[in-house]
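Analysis of the macromolecular model
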Amino acid sequence: MSDVLNQAIVSGLLIGGLYAVMSVGISLTWGALRIINLAHFSFILLGAYATYQISTSLEIDPLFALLVVIPAGFLAGAIMQIFFELTKVDEFQSLIISFGSVIILQSIIRTIWTADFRRIDRDINPYESMSFFVGDVAIQVPLLLAFGAAVGIALGTSLLLSRSYFGKAVRAIVDDPQIARAYGIDNRRVAVVLSGLATAFSATAGVFIATFQSLSPSISLGWFGIVFPVVILGGLGNAVGALGAGVIVGVAAGVASVQWGPLSASLVTFLILIAALLFRPQGLFTRQGSS
Amino acid sequence: MLEVEGISGGYGSAQALRDVSVDVGDGEIVTLVGPTGAGKSTFVNIIAGLHRAWSGSVTFDGQDLTALRPARVCQQGVVIVPEGRRLFADLTVTDNLDIGAYHPAARAHRDDTYEWVCSIFPILAERRNQRAGNLSGGEQQMVAIGRALMARPRLLLLDEPSLGLAPVIVETIFEVIRNINETGTSILIVEQNVVEALELASRAYVLEDGRIVRHGDASELLEDESLQKAYFGM
Ligand SMILES: Nc1ncnc2c1ncn2[C@@H]1O[C@H](COP(=O)(O)OP(=O)(O)OP(=O)(O)O)[C@@H](O)[C@H]1O
Ligand SMILES: [Mg+2]
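Residues numbered from 1 in each chain as written. Chains lettered and ligands numbered in written order. Predicted model: local features only at pLDDT ≥ 70, side-chain atom pairs only at ≥ 80, totals over all residues. Heavy atoms only, no water.

1. Section: the pattern of salt bridges
Applying the stated criterion across every chain, the model contains 15 salt bridges over all chains. Here A:Lys168 ties to B:Asp98 by a salt bridge, and the two come within 2.5 Å at their closest N and O atoms. Of this pair, A:Lys168 sits in helix H6 (residues 165–175) while B:Asp98 sits in helix H3 (residues 93–100), placing the two residues on different chains. Owing to a relative accessible area of 8%, A:Lys168 belongs among the buried residues under this scheme. Classification of B:Asp98 by relative accessible area gives buried; the value is 3%. One salt bridge in this structure joins B:Arg131 and B:Asp90, with 2.8 Å as the shortest N-O distance. Placement of B:Arg131 in the loop between helix H6 (122–126) and helix H7 (137–150) and of B:Asp90 in the loop between strand S6 (78–81) and H3 is noted, with a sequence separation of 41 residues between them. Each member of the pair, B:Arg131 as well as B:Asp90, is classed as buried. Ionic contacts of the salt-bridge type, sharing partners, join the residues A:Lys168, A:Arg171, B:Asp95, B:Asp98, B:Arg110 and B:Asp111 into one network. (Salt bridge = Lys/Arg side-chain N within 4 Å of Asp/Glu carboxyl O. Helix = DSSP H or I, 4+ residues; strand = E, 2+ residues; numbered from the N terminus. Buried < 20%, exposed > 50% of the residue type's maximum accessible area, 1.4 Å probe, protein only.)

Here you go:
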């Protein structure tokens, strides 16, 4: 294999981790709460801009922004879910309403930070161009960090869902909300906490994005074509699946773009998605028979 | 211990229950029998808080349960094993039992109760890591009863526990219900298996078309000729 191809595979794998962090929040709330919350895209972007602002204003390492972005993301997700609970929206209505919130948040972002590109100054952002070599293959440090976060989030979430009382409550609500309530599960509270957690993950993705990329309000448009394939390939509500799917999409798109040019990347992504929908609509990583 | 007074209720404008009163004494097994569509499930669901009555009251140990949410009813010690079992099919057997012990008072005793439930249904310990949806009907009914026991009920509401089960399994389940009762748990059991239910219970109510048409000692109803005609085809 050529060096170019090796590099494409490794970079694709690493960026697949970032894709997973960007997707896991939507996957969780869609799978467990039956809410398709497009606002996650805005929260990724807000997380990135907040990181830019905190790092630039305080002249500190951008990763310190996690200390603010994670709790703020949690709060935002919790508040959104309280709104969804109060308005009793169904899956389709949540799509429409959250699309409205995307437009509002997008214009707020545009008002605060303008449409110009924003980038954290290299003096305070050590990660942007940091990389090292393994053989002939360059490992970009900001992507490696995001990948590490993805592994942590995927394993942590799946442990939380399988082992904790909170996780059992989430899965019980998915199966039979009425009986779950009958045994004392406060399904609203569980939903609010889960949505908070999911949004904290999305906002975290924004922090990593800000460490290596220039920001403009329109960059989030390109994320739809990555995140939805990853969410569906990984299986709704499946955090480990999202990581696997992120890696598959990252590698496939990376390899396609060195083989057939950058335009082929999104085509390949959607071919994978369509194949998955045809042959395994429950996602690649979800056991048969579970939802 | 449980006093249900003058319950009326239904769905939309369709009335399913008319002025139904039932009581269950401490440590008693009471059965509610009646044909399909009589309103039996509606009635126990109202007691459990899963369905709202139009009028009437539910009192348990002097506490008014009528307007309580199902979770609060469960915490008060009235726990339902719903019709059709309604297990969390994607969860393992253990996770289903753990949901039974979700409320704080039950969770504090989780390990002891779990051990007790596994001693009642040894098969559940063997199957503990299996998906509940993959179990046989009888095993699923055991999980459903086990899950309710995990909530440490003082009154257990059983809605047709024999539904869809082979006669030998039904016998086992009824035996277990008797044993549970002997540990001090009161039982209100809804059944279409009228003979077995009357043999199990000390008192019985017959519900037809939303009304209580007969009630009395189970042994007396078992002897009753008109009931025999209607229900046992004799
Ligand atoms: N969710 C519902 N919506 C509307 N009507 C209902 C609903 N559930 C039950 N009913 C109606 O209420 C009446 C009583 O039903 P219920 O399920 O309480 O009877 P049941 O005695 O439990 O019958 P079965 O022995 O078949 O379980 C029936 O006429 C039924 O059609
Ligand atoms: Mg019924």
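2. Some points on empty space enclosed by the protein
What the rule picks out here adds up to 2 cavities of 30 Å³ or more. What lines the largest cavity is A:Ala182, A:Tyr183, B:Ala48, B:Pro70, B:Val73, B:Cys74, B:Val78, B:Val79 and B:Ile80. Those elements giving two or more residues to the lining of the largest cavity turn out to be helix H2 (70–75) and S6 of chain B. Taken as a whole, the second largest cavity holds about 40 Å³ of empty space. If you go around the second largest cavity, the residues you meet are A:Ala32, A:Leu33, A:Val170, A:Ile173, A:Asn187, A:Val190, A:Ala191 and A:Leu194. Listed by contribution, the elements that provide at least two residues to the lining of the second largest cavity are helix H1 (3–33), H6 and helix H8 (187–212) of chain A. Taken together, the residues that form the lining of the second largest cavity break down as 7 nonpolar, 1 polar and no charged. (1 Å grid on protein atoms, 1.4 Å probe; cavity = no way out; pocket = protein on both sides within 12 Å on 5 of 7 lines; lining within 4 Å. Points joined across faces, edges and corners; volume = space filled by probe spheres on them. Nonpolar A, V, L, I, M, F, W, Y, C, P; charged D, E, K, R; others polar.)

3. Notes on the coordination of the magnesium ion (ligand 2)
In ideal tetrahedral geometry, four donors around a metal make angles of 109.5 degrees, whereas ideal octahedral geometry with six donors gives angles of 90 or 180 degrees. All names here are of chain B. Around the magnesium ion (ligand 2), the protein supplies Ser41 (OG) and Glu83 (OE) as donor atoms, at distances of 1.9 to 2.2 Å. Residue Ser41 is located in helix H1 (residues 40–48), and its partner Glu83 is located in the loop between S6 and H3; the two are separated by 42 residues in the primary sequence. Judged by relative accessible area, which is 18%, Ser41 ranks as buried. (Donors = N, O, S within 2.8 Å, 3.2 Å for Na, K, Ca; no water.)

4. Concerning the environment of B:Leu68
Summarising the element assignment, B:Leu68 is placed in the loop between strand S5 (63–64) and H2. C-alpha separation for the pair B:Leu68 and B:Ile47, spaced 21 residues apart in sequence, amounts to 9.6 Å.

5. With respect to the site of ligand 1
All names here are of chain B. Within the structure, ligand 1 sits among 13 residues, and Lys40, Ser41, Thr42, Glu83 and Gln192 are positioned closest to it. Measuring from an oxygen atom of ligand 1, one finds a backbone N or O atom of Ala38 at 3.2 Å. A distance of 2.7 Å separates an oxygen atom of ligand 1 from a polar atom in the side chain of Ser41. In the complex, 58% of the free accessible area of ligand 1, which totals 630 Å², lies under the protein chains. (Near = heavy atom within 4 Å. Polar contact = N/O pair within 3.5 Å; in protein donor to acceptor, adjacent residues only side chain to side chain. Areas by Shrake-Rupley, 256 points an atom, 1.4 Å probe, with all protein chains shown as cover.)

6. So, the environment of A:Gly237
All names here are of chain A. Among the secondary structure elements, Gly237 is positioned in the loop between helix H9 (224–234) and helix H10 (239–260). Placed 210 residues apart in sequence, Gly237 and Ser27 show a C-alpha to C-alpha distance of 4.8 Å. The residues contacting Gly237, other than those within four sequence positions of it, are Ser27, Leu28, Gly31 and Leu161. (Contact = heavy atoms within 4.5 Å.)

7. Regarding the side chain of B:Arg147
The topology assignment puts B:Arg147 in helix H7. An unpaired buried charge is present at B:Arg147: no salt bridge exists, and A:Asp176, the closest side chain of opposite charge, is 6.5 Å distant. Polar contacts involving the side chain of B:Arg147 include one to the main-chain carbonyl oxygen of B:Arg85, which spans 3.0 Å. (Lys, Arg positive; Asp, Glu negative; His and termini not counted.)

8. Here's the deal with the interface of chain A and chain B
Taken together, the contacts link 21 residues of chain A with 25 residues of chain B. Taking both sides of the interface into account, the surface hidden between chain A and chain B amounts to around 2100 Å²; carbon and sulfur atoms contribute 56%. The interface formed by chain A and chain B contains 4 salt bridges. The tally of links between chain A and chain B comes to 9 residue pairs in polar contact (both at pLDDT 80 or more). Those elements that provide at least two residues to the side of chain A that touches chain B are H6 and helix H7 (177–182) of chain A. Ranked by residue count, the leading element in the side of chain A that touches chain B is H6(A), at 6 residues. Among the residues forming the side of chain A that touches chain B, the class breakdown is 9 nonpolar, 6 polar and 6 charged. (Buried area = accessible area lost by both parts, 1.4 Å probe.)

9. Side note on the domain arrangement of chain B
Residue and element names in this part refer to chain B. Looking at chain B, the domain boundaries give domain 1 (1–77 + 153–234) and domain 2 (83–152). Inter-centroid distance (C-alpha atoms) of domain 1 to domain 2 is 22 Å. Contacts between the two partners involve 17 residues from domain 1, matched on the other side by 16 residues from domain 2. Of the roughly 1400 Å² buried at the junction of domain 1 and domain 2 (both faces included), carbon and sulfur atoms supply 74%. (Domains from an automatic or database assignment.)

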